[in-house]
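Letter by letter, the chains look like this.
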Amino acid sequence: MPQSKQNKVTSITNSLLALTIRLIRYLKSIVLSLVDFFWHSLLDLVILLNTADNKSHLKDGLLASLMRLERRLESFLPASFKHEKPIKSVSLIALVLIITLTMSGDTSVDDLKKAGELVVISRESPTTLYQGNEGPAGPEYDYLSSFAEFLGVKLRLELRDNDSDVLLSIANDEGHIAAAGMTFYSPFEDDGFVFGPGYQNVDIQVVCRRNHGKLPRNLEQLSEMELSVVADSSYEARLLELQDDYPDLSWESEDKTTVDEMLQLVWRKEIDCTIANSSEVNIKRRFYPELQVAFTIDENQALAWNLSPEWGVLSDSIDQWLSSIEKDGTLLVLRDRHYDVEEFDYVDMRSFIRSMKSRLPRLTPLFHKAAEKYQIPWTLLAAQAYQESHWNRRAKSPTGVRGIMMLTLTTAKEMGVKSRLDAEQSIMGGAKYLSKLEGRIPDSVTGDDRWWYALAAYNVGMGHLHDARSLATKLNLDADSWLDLKGMLPLLAQKKYYKDLKYGRARGTEPVIYVSQIRNYQNILRAQIAQRKGAHAG
């Protein structure tokens, strides 16, 4: 092409481009003018309707409507202008004006407090909440109880069968909060779901079964597996995003089910793999030890509650509650109780589950009898007995302790045990001894920590426990908190610490492991109880 002709083409192209840009800017100004007119009209309407009874409805309804309108208007803009976010800027200004002018003095939380009840939609499972022998329990239950206490109201649970029903119920305003161990997923907000602040970070993981074919190590290999996930979950939504880059990625969507049930299907070899978050996996592996994480899809995703569209104002209260329990140490206690699991021991878990079927049934009545007499949770007593002897009444250690509760000869005599090899006598003697130790724990130690202290004393001796408490106080830590004390006990083996303590050196790491293992065994027992009672334990 001759140079002059090429220059003309270039000139015409530039002119057309400039004309197009001017046209787009003109259209943009028209759109913004229309939006501005709409906002002012809407603001007038809001002020007109601004009554105490209408405030909460106006707030939540407007937020959802404005978000939808914003997305619709932005869709008309060319890609080259979307980085300017002109519509979003106007939307945000309008939202600030509306909320500032109309929602000051909002009484929604006050209304909830006056009603005296926090209604939560959830489902039963070991990873959320369940009914144990000692009453309601589980991660979500403990978090929700703490939040209800913070608000000064009672907690009322409304249970549904699966995540879909939970989400449907909260969308229909059947409760204040939906809590089912769900991860925050921003595209869900586009569908009108309202998330509260995150209270725990987790990883999103692909989970398969050990020794059931080759484990996939990436998304390409996962495409060759039989993958099933909960339908309409954040996990399925994430897969849909990933499918753009991995078109061969496919899966089956399972309606009316839970992640717990999907993990059970993997364990039963009915499907190859599923997707779950790391807290769900850690808890389920305690009693399905063959489950194995193949690889992680996303890291540090937030667990968050869904809020009713009518009760988005609770988000600020949740923020305040999280801040308060982080300051007073409650948050660490809750995470330690449910999510901080020691390094997983596949062989040990397998052995424990086999023993639950073969040895525990004939011992259960004895544990119940001793637990009732000495006011000890029977699952705790049974878990301790397994840690001591693997429920073997003839167990014997090189140091001479014997029986199911592995009593020394001296302790057995003090507890009135004539034969340490007699299962009932040993369990009764061990329960009596543990109860006596718990009674010697200072009243300043409260809740489950009293049992963790008593178990540590059972293992290492009450004197060394007192030394650990003294050391905690000396180091400006909380001597009444197991979280702090379990960090002190291993220091009793170091001369620079034990040389100034009354009872001297101790193998302080052992009681920490001892208590941790018993807690893991107890969690598995509780989960099995929940399953037998009809909860969706998976």
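Described in the following lines is the structure provided in the data block. Values in this document were obtained by computation on a predicted structure and should not be read as measured data.

**Here we look at the state of the cysteines**
A full pass over the atoms with the stated rule returns one disulfide. Residue C208 pairs covalently with C273 via a disulfide, S to S 2.1 Å. Taking the sign of the S-S torsion, about 100 degrees here, the bridge from C208 to C273 comes out right-handed. You can see C208 sitting in strand β6 (residues 194-209) and its partner C273 sitting in strand β9 (residues 273-277), a full 65 residues away along the chain. You can call C208 buried: its relative accessible area is 2%. Residue class for C273 comes out buried when judged on its relative accessible area of 0%.

**Brief notes about the nonpolar core**
Within the largest apolar cluster, 64 residues are counted, with the highest numbers of intra-cluster contacts made by F367 and W391. Residue assignment for this core shows that the elements contributing at least two residues are α14 (346-358), α15 (360-374), α16 (378-389), α18 (423-440), α19 (449-460), α20 (462-474), α21 (482-488) and α23 (509-532). No other element matches α19, which puts nine residues into this core. Those residues in contact with F367, other than ones at most four positions away along the chain, are L360, W378, L381, A382, A385, W391 and I427. Residues V229, V230, Y288 and I297 belong to the second largest nonpolar core, which totals 31 residues.

**Overview of the sheet that holds strand β10 (residues 291-307)**
The strands that make up a sheet are held in pairs by hydrogen bonds between backbone atoms, and each pair lies either parallel or antiparallel. Spatially, β4-β1-β5-β10-β6-β9 is the arrangement adopted by the six strands of the open sheet, whose pairing is mixed. Two strands bound the open sheet, and with one partner strand each, they are β4 (154-160) and β9. The pairing of β6 with β9 spans five bridges and is classified as antiparallel. Its bridge partner being in β9, V207 is matched across the sheet by T274. Helix α6 (residues 163-171) rests against β1 (117-123), β4, β5 (177-178) and β10 of the sheet, and its axis sits at about 150 degrees to β1. Packed onto the sheet, helix α10 (residues 259-267) meets β1, β6, β9 and β10 and runs at close to 140 degrees relative to β9.

**So, unusual backbone geometry**
Residue W391 is not a glycine yet carries a positive backbone phi of 60 degrees. For W391, the position within the fold is in the loop between α16 and α17 (409-414). A positive phi angle, near 60 degrees, is found at N476, a position not held by glycine. Mapping N476 onto the fold places it in the loop between α20 and α21. Taking relative accessible area as the criterion, N476 reaches 70% and is therefore assigned exposed.

**Side note on the environment of R526**
With respect to the element layout, R526 can be found in helix α23. Sequence separation of R526 and Y130 is 396 residues, and the distance between their C-alpha atoms is 8.8 Å.

Cut-offs and rules
Residues numbered from 1 in each chain as written. Predicted model: local features only at pLDDT ≥ 70, side-chain atom pairs only at ≥ 80, totals over all residues. Heavy atoms only, no water. Disulfide = S-S within 2.5 Å. Helix = DSSP H or I, 4+ residues; strand = E, 2+ residues; numbered from the N terminus. Buried < 20%, exposed > 50% of the residue type's maximum accessible area, 1.4 Å probe, protein only. Core = buried A, V, L, I, M, F, W, Y, C linked by side-chain atoms within 4.5 Å. Contact = heavy atoms within 4.5 Å. Pairing = 2+ DSSP bridges. Axes fitted to C-alpha atoms, helices over the stretch in contact; angles between N-to-C directions.

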